[in-house]
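Secondary and tertiary structure notes
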Amino acid sequence: MKTLPRTFMGYVRPDGSVGVRNHVAIIPTVACVNGVARMVEREVGGAVAIIHGHGCGRAVEIGMHQGALAGIGANPNVAGAVVIGLGCETIDADWVASRIAEKGKPVEVYRVQEHGGSLKTARKAADAARAMVGDLSLLERVECGIDSLVLGLECGGSDAFSGVSANPAVGLVVDWVVDAGGSAILTESTEMIGTAHILARRAHDGETARQVEKVVDDAWRRAQDILGPLAPFVVAPGNMDGGISSISEKSLGCICKAGSRSIQGVYGYGTRPERTGLVIMDGPGYDMESMAGLASAGCQVILFTTGRGTPAGFPVVPVVKVASTSRLFAAMEDDMDVNAGTVLDGEPMEVVAGRIAARMLEIAGGQPSKAETNGMGGIVCLYAVTPSF
Amino acid sequence: MGEKDDLNCIVIHARDNVAVARVDIEAGGAVRPRPGESFPALERIPCGHKVALVGIGMGEPVCKYGEIIGYATVDIAPGALVHTHNLKGDEP
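Residues numbered from 1 in each chain as written. Chains lettered and ligands numbered in written order. Predicted model: local features only at pLDDT ≥ 70, side-chain atom pairs only at ≥ 80, totals over all residues.

A word on the overall build of chain B. Within chain B one finds 1 helix and 9 strands. Counting from the amino terminus, helix and strand elements in chain B follow one another as α-β-β-β-β-β-β-β-β-β. Against the globule reference of 12 Å for 92 residues, chain B gives a C-alpha radius of gyration of 13 Å, in line with a compact fold. Projecting the C-alpha coordinates of chain B onto the three principal axes gives extents of approximately 45 × 25 × 20 Å. In chain B, which comprises 92 residues, the proportion classed as buried is 42%. Across chain B, every contact between residues at least 6 apart in sequence was considered, and the portion connecting residues at least 24 apart equals 46%. (Helix = DSSP H or I, 4+ residues; strand = E, 2+ residues; numbered from the N terminus. Rg over C-alpha atoms; globule rule 2.2 N^0.38 Å. Buried ≥ 20, exposed ≤ 12 C-beta atoms within 10 Å, placed from the backbone. Contact = placed C-beta atoms within 7 Å.)

This brings us to the environment of Val-44 of chain A. Residues and elements named next belong to chain A. Checked against the element boundaries, Val-44 lands in the loop between helix H1 (34-43) and strand E4 (47-49). What makes Val-44 buried here is the crowd of 23 C-beta atoms within 10 Å. Val-44 sits 20 residues away from Val-24 along the chain, and the two C-alpha atoms are 9.6 Å apart. The contact partners of Val-44, leaving out residues within four places of it in the chain, are Ala-126, Ala-129, Arg-130 and Val-133.

Residue-level contacts link 23 residues of chain B with 20 residues of chain A. Considered class by class, the residues forming the side of chain B that touches chain A number 10 nonpolar, 6 polar and 7 charged. (Nonpolar A, V, L, I, M, F, W, Y, C, P; charged D, E, K, R; others polar.)

Residues and elements named next belong to chain B. Taken in spatial order, the 3 strands line up as E6-E7-E9 in an open sheet, and their pairing is antiparallel. The two strands at the open ends of the sheet, each matched to only one other strand, are strand E6 (61-64) and strand E9 (87-88). By the bridge criterion, 2 bridges tie strand E7 (residues 67-72) to E9 in an arrangement that is antiparallel. Among the inter-strand pairings, Tyr-71 is bridged to a residue of E9, identified as Lys-88. (Pairing = 2+ DSSP bridges.)

Residues and elements named next belong to chain A. In terms of nonpolar packing, the biggest core is built from 158 residues, with Ile-26, Val-40 and Val-301 touching the most fellow members. Take this core: its biggest share by element is 9 residues, from helix H5 (residues 166-179). Of the domains in this structure, domain 1 (23-136) and domain 2 (146-373) are the two that each give at least three residues to this core. (Core = buried A, V, L, I, M, F, W, Y, C linked by C-beta atoms within 7 Å. Domains from an automatic or database assignment.)

In this structure, Glu-188 of chain A takes a positive phi of about 65° despite not being glycine. Residue placement: Glu-188 of chain A occurs in the loop between strand E9 (183-186) and helix H6 (196-201). Phi angles above zero are rare outside glycine, and Tyr-65 of chain B is one such case at about 60°. When you line up the elements, Tyr-65 of chain B lands in the loop between E6 and E7.

What follows deals with the domain arrangement of chain A. Size of an interface: often given as the accessible area lost when the parts come together. Residues and elements named next belong to chain A. When the domains of chain A are assigned, the result is domain 1 (23-136) and domain 2 (146-373). Relative placement of domain 1 and domain 2: their C-alpha centres are 29 Å apart. Contacts between the two partners involve 13 residues from domain 1 and, on the opposite side, 13 residues from domain 2. For the side of domain 1 that touches domain 2, the secondary structure elements donating two or more residues are strand E3 (23-28) and helix H2 (62-74).

When a strand is regular, its side chains alternate between the sheet's two faces. Residues and elements named next belong to chain B. Judged by how many residues are buried, E7 sits mostly within the fold: 5 of 6 residues are covered. Here E6 runs beside E7; their pairing, made up of 4 bridges, is antiparallel. Within the sheet, the bridge partner assigned to Val-62 lies in E7 and is Gly-70. Counting the residues that bridge the hairpin from E6 to E7 gives 2 residues, and of these Tyr-65 lies at a positive phi of roughly 60°.

Our next topic: H2 of chain A. Owing to its 3.6 residues per turn, the α-helix aligns residues three or four sequence positions apart on the same side. All names here are of chain A. In a regular helix each residue adds 1.5 Å, so 13 residues correspond to 18 Å; H2 covers 18 Å between its end C-alpha atoms and thus fits that length. Within the span of H2, buried status applies to Met-64, His-65, Gln-66, Gly-67, Ala-68, Leu-69, Ala-70, Gly-71, Ile-72, Gly-73 and Ala-74. Buried residues along H2 sit in contact with E3, strand E5 (78-85), helix H3 (93-101) and helix H10 (287-296). (Expected span 1.5 Å × (residues − 1).)

Set out below in structure tokens:
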């Protein structure tokens, strides 16, 4: 990795952040108007709809969801946004738009109940999006340092080798980026269970250590509340068969994708970190909700390790799939970006990490990741802990 | 084949007292965790499972990733499989 360039070609945003993509996001503030956002996306090349299932009918999470949608719009990969509201939903479209505008980006708001129904609103929104795509397409990539990167870390469909090959290799990439002044976000609190004391020891101060312990303890309590006596079995799932013997061992295998540097802060789901370096974001283990939180927190790239294999992507953030075994890489070649399974074949960890970093920089510079090529953006899933009403 | 290619298990951290088999190692087969180091497997070590690098006394910590993943519930000899039958993790 020592020989790798520490730069990539990115888009510098008005707030100084750096995007690796130049999307115009079409953001419905409630699922009721998803169809309108889809119409705009179909009609305007370069527009990406943030389709989701939320926006109303909740009390506890409404602020978090509102913040997450605004955060996705504020993500550096988004150059401008068109917010589409219904008019009677709980999420405030103007608030979402204002948070995106704060970053110096162009934003327009249309409400279906105020703009003559779905078709007329879609037409107006499409005109606005088209104009925005035209203006923003003039932006050019310039050379940016890896210190401007905020890496999202995700593992899904893990196997017993994730913690031996893909995760430690990604951990070296994270150390490399953090040492250069960049950032990385470790999340999936449920996958930290059993390692609270280890993560707390890596916290940069006492307050952060207490927050780390609280996030992990809360995750364990939630797992017990939801799963009861089954909690330890579900937290340490079928990979016992693969050779994992304890929850701590499984979780160490997960957290090693965050490398070895000190933890600078702990943040809520979807919250953009104030501090640079390695931080923790509280969030669920479910990949889809986790990735939405990382996108909202401002990650421009998600490094996603997998053992059993998953094609999942995210609409405005390139997801880089790192396979934990050569068998998986061969079996799902169309979905995998890098093979870390070569560690098991004898390739040194540093060499594998170098290949992951090199591919990540190419993708940051504009080459599509496999999930992007395959159109695996999918639906944006947001975290919730209470039922809707 | 260089010496590196002959290593059939991975020591993740220098502090570890177990290694992860990267291929199935048959009972009696050589465990080769590091260059110049070889000792017999006392039993079959399936790919992905852990093998003891040194003797681990009952109650002593088992280390992987340089951290404690649990404690030996019996005396574990070098070359033995380390799994739930002889290792118990802490409750979170």
